[in-house]
Amino acid sequence: MASNTYIYNAGKKIITQAIDSLSTMNESSIKQFLLKHGNPLQKKYYSAKVGEGVNFYASPSNVATYFKYNDYQTQLGPSNIKDPVRRLSGLYWTQSEVQADLKVDLTTSTHVAYFRSVVDEDYIPMSVNFTSLRGTSEGALVAEEWVLLSTNNKRLDESIKYHDLIKSEINNKVFEDFTFSTPRYYNQKDIEKKYESVLTNMVNIEGDYNYFDRTYETTAANALVHEATLPNMYIFFAYQEQLQDAQNPAYDSLLTLNQKLNINNHQDMFAASGKESGQKRITPTERYFKKWSQAYSQLSSQEIADLSKKFENIHLSIEDVKSFQSYGGRKELFPMWMNIEFTTDRIVEFAETLKETQIMGILQSSLMEAVRAGALTDETFFTAYVERNNATRPELPEEGIMKQYHSQSVDVSYFDMTQWVNNFVESGSFSVDSLYATFLGTLDESVRISDDPKYNFFKSLMAIILKGKIRKLLRKHTRTMQEVFSGKQCYSETIMYRVEKYDGAGSSGVPLQTIYVPNSHELDKFQYIDTQVKYAKEYTYVVYAYQIVVGNKYQYVDSDYAPQAGGWAALLVKNEPALRLYETEIYRHTNRVLDNPPISPEVEFVPYKGVNDKVKIIMNSGIGRYTLPYEVIEFEEQDQIDKIKLAQNRKPSDTSLRYETDDHPAFYEVRRMTSKPKSYRDFAGKLVHQISTVADGLEASGIGIDDSIKPNSKYYYCVRAVDYHGHVSYPSPIYEVEMVDDKGSVYPIIKICEFDEEIKSQTSIGAKRYIRIKPSMPQTILNEEASGLVDAESVADVTDVTLGIADESVWNKKFKIRLVSKSTGRKIDFNVKFTHKHNKLNEDN
């Protein structure tokens, strides 16, 4: 024990002595020495853990997928591994198939592994051992420790000096290791229910149309109306809940359109109202949106630009992010929205530290400014992930083959958290331009990020607390050099999310809006209802996760080597943690808000007394919401169906649609046939009436029409509603209508007609299990005597062949076989004659 303590506190002199001692020991003594005075690098290395639900990231300077173990015979490691110690010691990532000499596609192999974990040490030029000789005390953020190196003479010629291989490459160089994994997200609708417990990282972005407001929809559709100025659901409720003495003027500006809309008593916008002129009952939200539409026309272009700029970036306060989730139940007050929903990271140590020190809002603003200015730093990574490939049997996704995919170079942007924390601790404040952002939450949070001098002491106090908590977390999660060289991944967690909304199908240029969402232990799933959207306009949403990674920066600051040491050397490694906030894209989706096609209309046929050539058809809008297999009558309707399927996030192979009454009918179409249809497609080209629901300036949900027909003739009707947006409803049932005129006695026959079931023809009926007729064995044996084979010298002498050795032959005789039904007594006869075909020898062959 005393010797071990002595070596722990020793410096370079003892290292030299240790190297000299090692050079005189045999293999067994060396192992004992290392066990007593050091910490040998174990042969069991960390694995990549690239499994389902994870994205793996590693610097290309620590990955060599192409380099094979036997290449060490001709070269000293892969050239892209910048750290010579890792290069010569095999301490980098590779592909196990490459080392097994399997011919595979490097981008779609099945396993990322640590080189030393899959290759025999005899092939590695150098081995690494970590001693207990350190230059700093345990627990310090910046640690120094000696690393013992031993060369493998089977791979390194004794004439090759240590200095030639390593020392010249490490002087004044800083090496980095940021190997980490992030959650991989999946579309919620693409995951089977049975996998939800395993693949918990899910995201869903889908539009929903609630009700039709013609005035608001027309106003919002104007190209001059910016999405950021449209009514925001969260602003309404944040405005209602803020304290009177701490009101956020930005909320008032958006709600009142810069005082163009009077909401002094804003609660009455959501109070029930009585009937106004006309037949419509004005709903609470319709009152507000009607006034909003009138007020928007009074805004100048400069006011629109200033207002949209203020709401280009929306920050959710970490103090209120959970309470905002409860607002989702009030979305029904709005005409339409895009629903953005995803699960969040459960590991939140750093996120909770930022919340406790009340610094998260400042970090959100700082990150926003860096994103706006394009000030994030790009870094290239090797990435890998696993997916289940079930293309061969899509009906059985659980039997899909797990396959790993690689990308050799992916650019990932990061925000330097180490520098940000240091700057904040030193200054205690940040200057944030609030013209481009609005905080949703209590006003206190936005005050904290301002430059108000009265909060400087508070910020300085929080900076000191933040520094202490960050140091504690770094001491807990910083990897030692042994862990770095063994392939252990960095500690990482998601502390923030960013959702960007773009105009159209792409994500280039400046986003229309950006939402910053802090992670919290109070969140298992985050939902944002984006009511600032226009009908039928295409948007692309991109969701980013900001992963805080506790990486390592290290450099070799001293070395010792003696030629007489038999290949033993030592390096003093200075290791310090580095915090980075990596921006990783987790999902993107392009969609639009479309209303659902209407359900089938309610139809009633009313005859006239004593009239045999006319019937009244009364049509009303149906009410409800159903998912049904869609029906296409006219060929051009398929394009509309495809767009609605995309809006409903349905797969191209899906044959169903969601039908709902969310819009009033603009008109009804009546189709009629005189022959019974076999399917709805038979009504193509059979349109006889198209009736508008607008009459004398008034809109109605139901309407009637007279249809002229012939008496004593059957007619088949199909009725569909077409809503304001041109979406065709699910067709009504098929009605069979006949006005019977029996010598002046007129009466109707009206009934719902079902399609006839398709009868598939059957060309044969198998009956082998009931009856089978064939010659018995004695009838099929060759009769040699009758065939003239007894005296024949060759097959050519045989002119005929006779089958059967039974006393009575069946060949060339007719038989009658009669089958009688036990239930009906009916009979069926089969006349059968047994013959055989003799293939004669072809003498030309």
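This is a predicted model, so every value here is computed, not measured. (Residues numbered from 1 in each chain as written. Predicted model: local features only at pLDDT ≥ 70, side-chain atom pairs only at ≥ 80, totals over all residues. Heavy atoms only, no water.)

Draft legend 1. Quick peek at the overall build of the protein chain. Looking only at helices and strands, one finds 22 helices and 34 strands in the protein chain. Residue pairs at least 24 apart in sequence account for 74% of intrachain contacts in the protein chain once pairs closer than 6 positions are excluded. When the accessible surface of the protein chain is summed, it comes to about 42400 Å², and 49% of that surface belongs to carbon and sulfur atoms. (Helix = DSSP H or I, 4+ residues; strand = E, 2+ residues; numbered from the N terminus. Contact = heavy atoms within 4.5 Å. Areas by Shrake-Rupley, 256 points an atom, 1.4 Å probe, with all protein chains shown as cover.)

Draft legend 2. Geometry of the pairing of strand 17 (residues 513-518). Within strand 17, 6 of the 6 residues are buried, which leaves the element mostly enclosed by the surrounding structure. On strand 17, burial covers both faces: Q513, I515 and V517 on one face and T514, Y516 and P518 on the other are all buried. In this structure, strand 11 (residues 313-316) lies alongside strand 17, joined through 3 bridges in parallel fashion. Across the sheet, I314 pairs through a bridge with I515, a residue of strand 17. In this structure, strand 16 (residues 491-503) lies alongside strand 17, joined through 6 bridges in antiparallel fashion. Considered in strand 17, the bridge of Y497 is made with V517. (Buried < 20%, exposed > 50% of the residue type's maximum accessible area, 1.4 Å probe, protein only. Pairing = 2+ DSSP bridges.)

Draft legend 3. Geometry of the sheet that holds strand 22 (residues 614-620). On the basis of which strands lie adjacent, the open sheet formed by 3 strands has the order 21-22-29 and antiparallel pairing. At either margin of the open sheet sits one strand with a lone partner, and together these are strand 21 (602-607) and strand 29 (702-708). Shown here is a sheet whose adjacent strand axes are inclined to one another by a mean of 20°, direction ignored. In this structure, strand 22 lies alongside strand 29, joined through 7 bridges in antiparallel fashion. (Axes fitted to C-alpha atoms, helices over the stretch in contact; angles between N-to-C directions.)

Draft legend 4. Molecular detail of a nonpolar patch on the surface. Nonpolar side chains collect at one region of the surface, where Y770, I771, I773, L819, I828 and F830 lie side by side and expose about 570 Å² of accessible area between them. Position of L819 relative to the elements: it lies in strand 33 (residues 814-820). L819 sits in the partly exposed class, given a relative accessible area of 34%. (Patch = residues over 30% accessible without salt bridge, like charges linked within 9 Å, V, L, I, M, F, W, Y side chains within 5 Å. Salt bridge = Lys/Arg side-chain N within 4 Å of Asp/Glu carboxyl O.)

Draft legend 5. Region of interest: the side chain of Q648. Inspection of the secondary structure puts Q648 in the loop between helix 20 (637-647) and strand 24 (656-660). On the accessibility criterion, Q648 (2% relative accessible area) is buried. Within the structure, the side chain of Q648 is placed 2.9 Å from the side chain of N596, a separation counted as a polar contact. Among the polar contacts made by the side chain of Q648, one reaches the side chain of R650 at a distance of 2.7 Å. (Polar contact = N/O pair within 3.5 Å; in protein donor to acceptor, adjacent residues only side chain to side chain.)

Draft legend 6. Just the packing of aromatic side chains, in detail. Evaluation of the coordinates by the stated rule reveals 39 aromatic pairs. Here the aromatic rings of Y385 and Y405 are separated by 5.6 Å at their centres, their planes lie at 25°, and the arrangement is stacked. One end of the pair, Y385, is in strand 13 (residues 377-389); the other, Y405, is in strand 14 (residues 401-416), and 20 residues separate them in sequence. Their ring planes at 85° and their centres at 5.1 Å tell us that Y680 and F755 sit as a pair that is edge-to-face. Here the residue Y680 occupies a position in the loop between strand 25 (665-673) and strand 26 (687-692), and F755 occupies one in the loop between strand 32 (745-753) and helix 21 (777-780), the gap between them amounting to 75 residues. For R498, the ring lying beneath its charged end belongs to Y544, and the centroid distance is 4.3 Å. (Phe/Tyr/Trp six-rings, centres within 6.5 Å; stacked < 30°, edge-to-face > 60°. Lys NZ or Arg CZ within 6 Å of the ring centre and 35° of its normal.)

Draft legend 7. Quick peek at unusual backbone geometry. If you check the backbone angles, Q259 has positive phi at about 70° while not being a glycine. For Q259, the position within the fold is in the loop between helix 10 (249-256) and helix 11 (284-296).

Draft legend 8. The environment of M336, seen in detail. With respect to the element layout, M336 can be found in strand 12 (residues 336-343). In this structure, the C-alpha to C-alpha distance between M336 and Y535, residues 199 residues apart in sequence, is 7.6 Å. Discounting residues that sit within four places of it in the chain, M336 has contacts with D208, Y209, N210, E217, T531, V533, K534, Y535 and V593.

Draft legend 9. Just the pattern of salt bridges, in detail. Applying the stated rule across the entire model yields 34 salt bridges. One salt bridge connects K751 with E736, and the closest N-O pair in it is separated by 3.5 Å. With K751 in strand 32 and E736 in strand 31 (residues 734-742), this pair connects stretches of sequence that are 15 residues apart. The exposure class of K751 is partly exposed, given its relative accessible area of 45%. Close ionic contact of E808 with K813 constitutes a salt bridge, the shortest N to O distance being 3.8 Å.

Draft legend 10. Looking closely at the environment of G704. Along the chain, G704 falls in strand 29. Among residues more than four places away in sequence, those in contact with G704 are I617 and I618.

Draft legend 11. Spatial organisation of the side chain of K355. On the secondary structure map, K355 appears in helix 14 (residues 349-356). Here K355 falls in the buried class, since its relative accessible area comes to 14%. Apart from residues no more than four positions distant in its own chain, K355 is found in contact with I318, E319, S520, H521 and E522.

Draft legend 12. Molecular detail of the sheet that holds strand 9 (residues 186-187). One open sheet accounts for 4 strands, arranged 9-10-12-18; its pairing is mixed. Either end of the sheet is taken by a strand with one partner, and the two such strands are strand 9 and strand 18 (525-530). Bridging between strand 12 and strand 18 involves 6 bridges; their strand directions are antiparallel. Looking at the pairing, I340 lines up with Y528 of strand 18.

Draft legend 13. Spotlight on the packing of helix 15 (residues 360-373) against helix 16 (residues 417-427). Two numbers describe how helix 15 lies on helix 16: the axes approach to 12 Å, and their chain directions differ by 120°. One finds that helix 15 runs oblique with respect to helix 16. By crossing handedness, the relation of helix 15 to helix 16 is classed as right-handed. Contacts between helix 15 and helix 16 involve I362, L363 and S366 from the former and M417, W420 and F424 from the latter. (Parallel < 35°, antiparallel > 145°, perpendicular 65-115°, else oblique. Left-handed = near helix turned anticlockwise from the far one by under 90°.)

Draft legend 14. Summary view of the confidence of the model for the protein chain. When pLDDT is averaged across the protein chain, the result is 82; 81% of the residues are at 70 or more. Throughout residues 1-10 the model reports pLDDT below 50, and contacts reaching past four residues in sequence, or to other chains, amount to 15 contacts. Low confidence marks residues 443-450, where pLDDT is under 50. Its contacts with residues over four positions away, or in another chain, come to 22 contacts. (pLDDT = per-residue confidence, 0-100.)

Draft legend 15. Highlighting the environment of L461. Counting through the fold element by element, L461 comes out in helix 18 (residues 456-477). In sequence terms L461 and V425 are 36 residues apart; their C-alpha atoms lie 9.3 Å from each other.

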